[in-house]
Each structure stands twice: as C-alpha cells, then as structure tokens.
Amino acid sequence: MNNGCGSGSESCLSSMEEELHVLAVDDNLIDRKFLERILKISSCKVTTAENGLRALEYLGLGDPQQTNVMKVNLIITDYCMPGMTGFELLKKVKESSNLKEVPVVILSSENIPTRINKCLASGAQMFMQKPLKLSDVEKLKCHLLNCRS
C-alpha cells in the first residue's frame with residue numbers, strides 16, 4: 001500500500017511532530033515504558049495509562065464530574081489487559097461523541113486473525129504486532145497524516 005510516505009517520510013513527519021499526543025495503554029510496565037520511549041524518540045508527546053479504566057479517566061470518560069479532559073491525537077492500547085481489554089477500551093472510545101474520531105491502534109503479541117478482524121471492524125485504525133518498532137511508529141504517523149489531509 002503506497003500512502004505517499006515512501007522515501008520522503010521526513011517531510012511527512014515534520015508537520016505532525018508538534019501536535020501528536022499519544023495515550024499509550026498497557027498493563028505491563030516494561031512494555032509501557034518501551035512504548036513510551038519509542039514514541040518519544042519519534043517526537044510524540046506521550047501520556048501513559050496502566051489499564052483501560054485509567055485511560056478512560058484521562059480521556060474524561062471515567063468520571064462524569066471530571067472537567068480537565070486530556071486532548072489526544074492517538075490512542076495505542078494493548079489488547080490483553082485485566083479489567084478492561086483493549087477491545088473494550090476501543091468500543092468505549094468509539095461510542096463517545098467527543099472521542100469517536102480519535103484513532104485507536106491495538107497492539108498484541110498474538111496474531112489471531114479473528115481478533116484482528118473484530119478490532120478493525122469495530123473501528124480500530126490498525127492492529128499491530130508487539131513489539132512495536134520505530135519504523136512502525138513512523139509508518140503510523142504517516143498514515144495518520146494522510147487520514148487528516
């Protein structure tokens with residue numbers, strides 16, 4: 001798939017570097033720290049959450065009284081988490097009138113086609129294999145840029 005970001009990805013990335021704020025959700029501390037680091041290397045502002053419920057709080061969906069809602073451009077979440085899976089988080093985000101346009105990327109170490117198809121059919125922007133690589137983040141940023149234009 002050619003998304004216009006082939007060899008000239010540097011110019012593709014530069015216009016998003018100032019604005020891309022990512023909410024990274026993973027229950028595993030090491031995976032979460034790794035995701036945070038790789039996103040920061042790729043010039044993203046990163047907020048992390050250790051589970052789906054905490055992510056909903058950050059996004060203003062956990063408490064109806066919450067007034068300081070965080071604005072994010074992208075949510076990257078692990079699929080398998082206790083309490084609330086990444087799929088359940090995806091559904092909550094897509095049900096929200098304020099957040100339904102925010103792209104959600106699901107990560108998993110397991111390559112299960114039915115799971116992937118279910119997430120994509122429910123509105124996930126992408127389903128990516130763990131561990132995420134720097135090249136994956138840059139492809140994702142280019143994809144998001146093309147979706148906005």
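In this text the structure is predicted, and so the values were computed from the model without any measurement. (Residues numbered from 1 in each chain as written. Predicted model: local features only at pLDDT ≥ 70, side-chain atom pairs only at ≥ 80, totals over all residues. Heavy atoms only, no water.)

Caption draft 1: Region of the structure containing the overall build of the chain. Each helix and strand in the chain was counted, giving six helices and five strands. Beginning at the N terminus, the succession of helices and strands in the chain can be written as α-β-α-β-α-β-α-β-α-β-α. Within the chain, the proportion of its 149 residues that are buried is 45%. Put simply, of all contacts in the chain between residues at least 6 apart along the chain, 63% involve residues at least 24 apart. Put simply, the chain shows about 8,000 Å² of open surface, and 50% of that area lies on carbon and sulfur atoms. (Helix = DSSP H or I, 4+ residues; strand = E, 2+ residues; numbered from the N terminus. Buried < 20%, exposed > 50% of the residue type's maximum accessible area, 1.4 Å probe, protein only. Contact = heavy atoms within 4.5 Å. Areas by Shrake-Rupley, 256 points an atom, 1.4 Å probe, with all protein chains shown as cover.)

Caption draft 2: Region of the structure containing the environment of Leu-29. Along the polypeptide, Leu-29 turns up in helix α2 (residues 29-41). Since its relative accessible area comes to 49%, Leu-29 is described here as partly exposed. The spatial distance from the C-alpha of Leu-29 to the C-alpha of Glu-50 is 7.5 Å, given a sequence separation of 21 residues.

Caption draft 3: Structural view of the side chain of Thr-47. Within the fold, Thr-47 resides in strand β2 (residues 45-49). Judged by its relative accessible area of 16%, Thr-47 is buried. A distance of 2.7 Å separates the side chain of Thr-47 from the side chain of His-21, its partner in a polar contact. When sequence neighbours within four positions are dropped, the list of residues in contact with Thr-47 reads His-21, Val-22, Leu-23, Ala-24, Tyr-58 and Met-70. (Polar contact = N/O pair within 3.5 Å; in protein donor to acceptor, adjacent residues only side chain to side chain.)

Caption draft 4: Representation of the nonpolar core within the structure. With 24 residues, the main nonpolar core has Leu-23, Val-25, Ile-75, Leu-89, Ile-106 and Cys-119 as its most contacted residues. Sorting the residues of this core by element identifies β1 (21-25), α3 (52-58), α4 (86-95), β4 (104-108) and α5 (113-121) as the ones contributing at least two each. In contact with Leu-89, other than residues within four places in its own chain, are Val-25, Gly-52, Ala-55, Leu-56, Ile-75, Thr-77 and Met-84. Among the nonpolar cores identified, the runner-up in size contains 18 residues, and Val-22, Ala-24, Leu-74 and Leu-140 belong to it. (Core = buried A, V, L, I, M, F, W, Y, C linked by side-chain atoms within 4.5 Å.)

Caption draft 5: Representation of the sheet that holds β4 within the structure. With parallel pairing, five strands are arranged side by side in an open sheet as β2-β1-β3-β4-β5. The sheet is open, and its two edges are formed by β2 and β5 (126-129), each paired on a single side. When strand polarity is set aside, the average angle formed by the axes of neighbouring strands in this sheet is 20 degrees. As paired strands, β4 and β5 are joined by four bridges and run parallel to one another. (Pairing = 2+ DSSP bridges. Axes fitted to C-alpha atoms, helices over the stretch in contact; angles between N-to-C directions.)

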